[in-house]
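What follows is the residue order along each chain.
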Amino acid sequence: MQVRGLVDSAVNEVGNILLGKEPQIRLALCCLFARGHLLLEDLPGMGKTTLSHALAAVLGLSWKRVQFTSDLLPADILGVSVFDASDASFTFHPGPIFTQLLLADEINRTTPRTQSALLEAMAEGQVTVEGETRQLPQPFFVIATQNPVHQSGTYPLPESQLDRFLMRLELGYPHPQAERQMFERRHSGAMEIQNPRQCIDMGQLEMIRVAVSKVHASENLIDYLQRLVAYTRQSPEFEVGLSPRGALALLDCAKTWAAMNNRGHVVPEDIQAVLPAVAAHRLVPSGDYAGDGDALVDLLRRDVDVVGR
Amino acid sequence: MNVLQQVPRNALMWIIISLFALVAPHIGRLPIWVLAVYVIAVVWRLQVHRGRWSFPGRWVKVAMTTSGFVGIYASYGTLVGLEPTVALLLTAFALKFIELSQRKDAYVLLFLGYFICITEFLFSQDLLITLYSVINVLLVTTALVALHQPGLDQFNRGTMRLAGVMLLQAVPLMVVLFFVFPRFGPLWTVPIKSHAAKTGMSDFMKPGDVASLSQSDEVAFRVKFDGEIPEKSALYWRGLVFSRLEQDVWSGLGYYDVPLEEQRPDEVAISGQPLRYSVIMESTQQNWLYGLRYARARSPGVMHSSDFRMMSPAPLESEYLYRVESWTDVPVDLDLSDWRRKTETKLPPQGNNRTRELALELRESAGSDEAFVEQVLEKFNSEDYVYTLQPGRLTGSNPIDDFLFQARRGFCEHYASAFVFMMRAADVPARVVAGYQGGEINPLNKTVIVHQFDAHAWAEVWLENRGWVRVDPTSAVSPLRIEMGLEEAMASEGSFLAAAPLSPLRYRSIPLLNQLRLRYDALTYRWQSWVVGFDSEQQFDLLHTLFGEISTRVFATLLLGSWALVLVPVAISLFFKRDTYPVSPLDKYYRLFCDRMAELGLIRGPGETPGHFAQRAVEALPGFADELRRITGLYNDLAYAGVKDKDELAQFTRAVSRFRPDRRRGLLEEDTTL
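Sequence positions are assigned chain by chain, starting from 1 and proceeding in written order. Chain letters and ligand numbers both follow the written order, the letters beginning at A and the numbers at 1. Owing to the predicted nature of the model, reporting of local features is limited to residues with pLDDT of at least 70; listing and counting of side-chain atom pairs is limited to 80 or more, with chain, interface and lining totals taken over all residues. With hydrogens and water set aside, each side-chain value is computed from the structure's full complement of heavy atoms.

Quick one: what's the story with the overall build of chain A, residue by residue and with numbers?
When its secondary structure is counted, chain A shows twelve helices and eleven strands. Each residue's exposure class comes from its accessible area (1.4 Å probe, protein chains only) as a fraction of the maximum for that residue type: buried when under 20%, exposed when over 50%, partly exposed otherwise. Counting all 309 residues of chain A, 52% fall into the buried class. The criterion used for residue contact is that any of the two residues' heavy atoms lie within 4.5 Å. Summarising the internal contacts of chain A: among those between residues at least 6 apart in sequence, 77% fall at separations of at least 24. Accessible area for chain A stands at about 14,100 Å²; split by element, carbon and sulfur atoms hold 51% of it. Numbering of helices and strands runs from the N terminus, with a helix taken as a DSSP run of H or I at least four residues long and a strand as a DSSP run of E at least two residues long. Each accessible area is a Shrake-Rupley result for a 1.4 Å probe, and residues are judged covered by the shown protein chains and nothing else.

Any details on the overall build of chain B? Residues and values, ideally.
Counting its regular elements, chain B contains 24 helices and 19 strands. Considering chain B as a whole, with its 674 residues, one finds that 46% of them fall into the buried category. Long-range contacts, defined as pairs at least 24 residues apart, comprise 72% of the intrachain contacts of chain B with a sequence gap of at least 6. Accessible surface computed for chain B: about 34,500 Å², of which carbon and sulfur atoms make up 59%.

Give me the lowdown on the environment of His26 of chain B, citing residues and values where you can.
All names here are of chain B. Relative to the assigned elements, His26 resides in the loop between α1 (9-23) and α2 (32-49). What makes His26 buried here is its relative accessible area of 1%. A sequence separation of 94 residues divides His26 from Glu120, and the C-alpha atoms of the two residues are 7.2 Å apart. Every residue in contact with His26, bar those within four places of it in the chain, is listed here: Val86, Leu90, Ile116, Thr119, Glu120 and Phe123.

Hey, could you go over unusual backbone geometry for me, with residue numbers and the actual values?
With omega at -10°, the peptide bond leading from Gln138 of chain A into Pro139 of chain A counts as cis. Structurally, Pro139 of chain A is set in the loop between β7 (132-135) and β8 (141-146). Cis geometry is adopted by the peptide bond preceding Tyr294 of chain B, which originates at Arg293 of chain B and carries an omega value of -15°. At Asn262 of chain A, a residue that is not glycine, the phi angle is positive and equals roughly 60°. Mapped onto the elements, Asn262 of chain A comes out in the loop between α10 (244-260) and α11 (268-279). For Asn262 of chain A, a relative accessible area of 36% corresponds to the partly exposed category.

Which residues make up the side chain of Lys255 of chain A, and what values go with them?
All names here are of chain A. Residue placement: Lys255 occurs in helix α10. Working convention for charge: Lys and Arg count positive, Asp and Glu count negative, and His plus the chain ends are omitted. Any Lys or Arg side-chain nitrogen found within 4 Å of a carboxyl oxygen on Asp or Glu counts as a salt bridge. As a buried residue without a salt bridge, Lys255 has its nearest oppositely charged side chain in Asp252, at a separation of 5.5 Å. When neighbours within four sequence positions are excluded, Lys255 is seen to be in contact with Val212, Ser213, Val215 and Val266.

Just give me the short version of the sheet that holds strand β15 (residues 430-437) of chain B, but keep the residues and values in it.
All names here are of chain B. Paired strands, in this sense, are two strands between which DSSP finds at least two bridges. Ordered by their spatial adjacency, five strands build an open sheet running β8-β3-β15-β18-β19, and the pairing between neighbours is antiparallel. Where the open sheet ends on each side, the last strands, each with one partner, are β8 (291-292) and β19 (467-471). When strand β18 (residues 455-463) meets β19, the two strands line up antiparallel, connected through five bridges. Across the sheet, the residue bridging to Trp462 is Trp468, located in β19. Lines fitted to the C-alpha atoms define the axes, with helices restricted to the stretch that makes contact. Angles between their N-to-C directions range from 0 to 180 degrees. The strands that helix α13 (residues 412-425) touches are β3 (236-242), β15, β18 and β19; relative to β18, the one it contacts most, it runs at about 15°.

Which residues make up the interface of chain B and chain A, and what are the values?
Contact residues are listed per partner, giving 21 residues for chain B and 22 residues for chain A. Note on definitions: buried area is the accessible-area loss of two parts on being combined, 1.4 Å probe, summed for both. Both sides together, the interface formed by chain B and chain A hides about 1,700 Å², and carbon and sulfur atoms give 54% of it. On the chain B side of the contact with chain A, Arg591, Pro606 and Tyr640 of chain B bury the most area, a combined 37% of that side's loss. Connecting chain B to chain A are two salt bridges. The salt bridge involving Asp305 of chain A is made with Arg604 of chain B; its shortest N-O contact spans 2.8 Å. Polar contacts here mean pairs of N or O atoms no more than 3.5 Å apart (in protein, one a potential hydrogen donor and the other a potential acceptor; neighbouring residues in sequence count only if both atoms are side-chain atoms). Connecting chain B to chain A are ten residue pairs in polar contact (both at pLDDT 80 or more). Elements represented by at least two residues in the side of chain B that touches chain A include exactly α20 (585-599), α21 (610-620) and α22 (625-640) of chain B. By residue number, the principal contributor to the side of chain B that touches chain A is α20 of chain B, which donates four residues. Amino acid classes used here: Ala, Val, Leu, Ile, Met, Phe, Trp, Tyr, Cys and Pro are nonpolar; Asp, Glu, Lys and Arg are charged; the rest, including Gly, are polar. Residues belonging to the side of chain B that touches chain A are distributed by class as follows: eleven nonpolar, six polar and four charged.

Describe in detail the pattern of salt bridges, supporting the description with residues and values.
Residues and elements named next belong to chain B. Taken as a whole and judged by the stated rule, the model has 36 salt bridges over all chains. Between Arg340 and Glu344 there is a salt bridge, with the nearest N and O atoms lying 2.9 Å from each other. Of the two residues, Arg340 and Glu344 both sit in helix α9 (residues 338-344), four residues apart, roughly one turn of that helix. The pair formed by Arg340 and Glu344 is uniform in burial state, with each residue classed as buried. Through salt bridges with shared partners, a single ionic network connects Arg238, Arg340, Glu344, Arg424, Arg431 and Glu460.

Got a sec to walk through the nonpolar core? Specific residues and values, please.
Definition used in this section: a nonpolar core is a set of buried Ala, Val, Leu, Ile, Met, Phe, Trp, Tyr and Cys residues joined via side-chain atoms within 4.5 Å. Membership of the largest hydrophobic core comes to 98 residues, with the highest contact counts inside it found for Leu29, Met167 and Val274 of chain A together with Phe593 of chain B. Per element, the largest residue contribution to this core is ten residues, and it comes from α10 of chain A. Setting aside residues no more than four positions away along its own chain, Val274 of chain A makes contact with Leu27, Cys30, Met167, Leu250, Cys253, Ala254 and Trp257 of chain A. Within the second largest apolar cluster, 80 residues are counted, among which are Ala359, Tyr385, Tyr387 and Ala434 of chain B.

For the confidence of the model for chain B, give the residues involved together with the corresponding values.
In predicted models, pLDDT denotes the confidence assigned by the predictor to each residue on a 0 to 100 scale. Mean pLDDT for chain B: 82, with 91% of residues reaching 70 or above. Interface scoring of the predicted complex returns ipTM 0.85; its pTM is 0.51.

How would you summarise the environment of Arg302 of chain A if you had to cite specific residues and measurements?
With respect to the secondary-structure elements, Arg302 of chain A resides in helix α12 (residues 293-303). Each C-alpha atom of the pair Arg302 of chain A and Gln272 of chain A lies 9.9 Å from the other, and the pair is 30 residues apart in sequence. If near-sequence neighbours (up to four positions away) are discounted, Arg302 of chain A is found in contact with Pro606 and Gly607 of chain B.

Kindly report on the pairing of β7 of chain A, identifying the contributing residues and their values.
Residue and element names in this part refer to chain A. Of the strand pairs in this sheet, strand β6 (residues 126-129) and β7 are connected by four bridges, and their pairing is antiparallel. Bridging across to β7, Val127 finds its partner in Arg134. If you look at the hairpin formed by β6 and β7, you'll find two residues sitting between the two strands, and Glu130 has a positive phi there, around 50°.

Below, the structure written as structure tokens:
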């Protein structure tokens, strides 16, 4: 079966629940296929939790949710050893992190200490509790949501930790038509969040990954990628340019995007499609520049020449 | 702060290096605290760079500036004059460095650096100083270049290479400007070098003066003869004439001491071929010039006095070149005026009575003035008089008596002084002449190098029908001094340059060192005569011989031509360099395609992918849809799908070549009307 067909069915399935957000759903899937973690940033009530729940369902992954609060401790996520009187030994009670898809809700509400415990797990794919290293289940995805940083009571994630998220997405307000449809659905008393059907099983996930690894990135495309990266490092609008990790993330996502469209090679359109989600949270505008990361991405898309000279 | 406006670390390092390099040649002239200011400034700025300290506040800056002024005033006693002004500039330079925070500050500082580099020439135009200044210019330019390399966060030596290349490119222009740029006279004058020591002879002489001058191995002047160099013993470089003896001090006549009608030198009947030579004086801060008797300067601006000296109207503040013609044999001043006779026979009313008696006695027995001179010389020669650099001090109230009858040890000024005293005591007009005698001949370029230790004093006696005649009493005591020079004359005493153990002149016996010394001296001479001595007159002569009449047109042509000399090769190399970054034929043809689309008003934005562009183009020009899709498809295949097919590339290039929408206007207009 073609990758595209799988993806389309998954997108449709999620799209039934989260109305009018097809591009974001596609990008979120792309992020998961590329084995990356996803950061959803938006105001409360925009469907962040709904999206992550639906994604877990269509991929058939075990799913757990942690609501981050300011008094959450690392042990609350990773797990803790408890003395068991019956056989007089310590037994490890795994925390919610031992799952395939973890929804870390409102990650910027908790303290940096707890944040970094999670982020370490994200980077390593394993956790170390009480000196013992334990593997996390595979695949392991984190979908973290955060409120816009300027809200009160938040601990903004530092740039170094933002960099660990392959993509950052904003859902945004729904399209008026989609919103209307949502109202009507609620009014007619239809099911709200029915669990979506699983569309992609483990084998198919593996197949998609194989397809991604076979995607060809040509010389010309690498040149374009390099021009993009160089531009972020040389142009005065950027305080911080793309790191090599960021550049690799961009390439990985573009390859995945190509595979999701049943293409064996990457085209510049792929890069431009994933660029905002991959790059915007990694770019810091310089003090003189009025725009934010998204404006910088627009700049990149507009000014960096696709064709070499 | 904006990153663009920051001074990169590399630039900061180069600025610090140039800072110290610029102040280094001035160190000897600066009070020590100015150097401390430099160290403090650099430490402060580095601490600011490391984020430890902050920039000085406004009041700190005011305080530092004020104390700079006060310090200079305290050290020099004035703020006027060359040295205090330069010291002030250097202090300000260091203080400015502390508050260097943005690029514009660095510009100010570095342009000031060029200016400071020039100030060194106010003190010396020596060859080595010039070379050093070139290095300084290179350093300052390097710092300027580094300022424009924002990416370099580490100290980088490659910057200097770039700056060096840039300076080399400027060399032809520099050379042309040196020759053609108009040499203006000074637009203003500063009371220059109020503190600089006067060197060489002074305008009065007391016993011991010449002897102390003989301890110096500095060069007084260099002479180049047009023809053969005369005998060393004939080289009496006449500079000063001392006609007045007061309180045991010989001094020259001031300008107002001479009556008006006597101020111009008498006409001298010249005959025979003159010796022609040019002299390059080192700076002395004094007015007198040296020449062989009877000398007439050929260079304009040299004055002649009634006692046949040559003078420069202004003190010599830098090397000075003048040309002279000398007729060594013609008699001068055959008729002595009454005033002159009175002046040249005047003695203090009393003192040195034994000498006076001896003089009268000898004159009586001699019968004529000539014989009298011979007798006195004979006395010096036959009796046990010693020529020495260490005569001991004569402190009595009758120093000449003491010298002639007791000590009998003296240097040239003692003999000259005693001789003239005796002449005058017998009413024979006589005077002391000071200058240099002999000199070292540099075999490499046939120049005569006259050192300070060649300083000498001798006498002139006026004889009937012969005029003023040179008499050197020293030659009667120590003929070696005149024939071989001071070193030979002092060989037994070992006192030659005793105070300067490191002087290269003391090691003339080592051939290699001597060769090096002479070679460097020859180089210095060439430098002085070609570069330092290149004045407006020589410039005019040179340009005239090269280009005939000098007009604005010639001037402009020269300037532009020199620019072209550099810029044309650069332009040509740039023109060919474009091809050193090869454009793949693929991209080249795609761009050609884009150009043709642009002619139709469809311009691809740089960030627009070929696919998106094709979409837009098809919407705008449906008539070309097939071709557009074909070309874009081929391009995408070749560029991104990894197709390495030669045929496909050929297809693509052919498709683009044939794509000439502008030749199918009809079709196009049809589209646009739709």
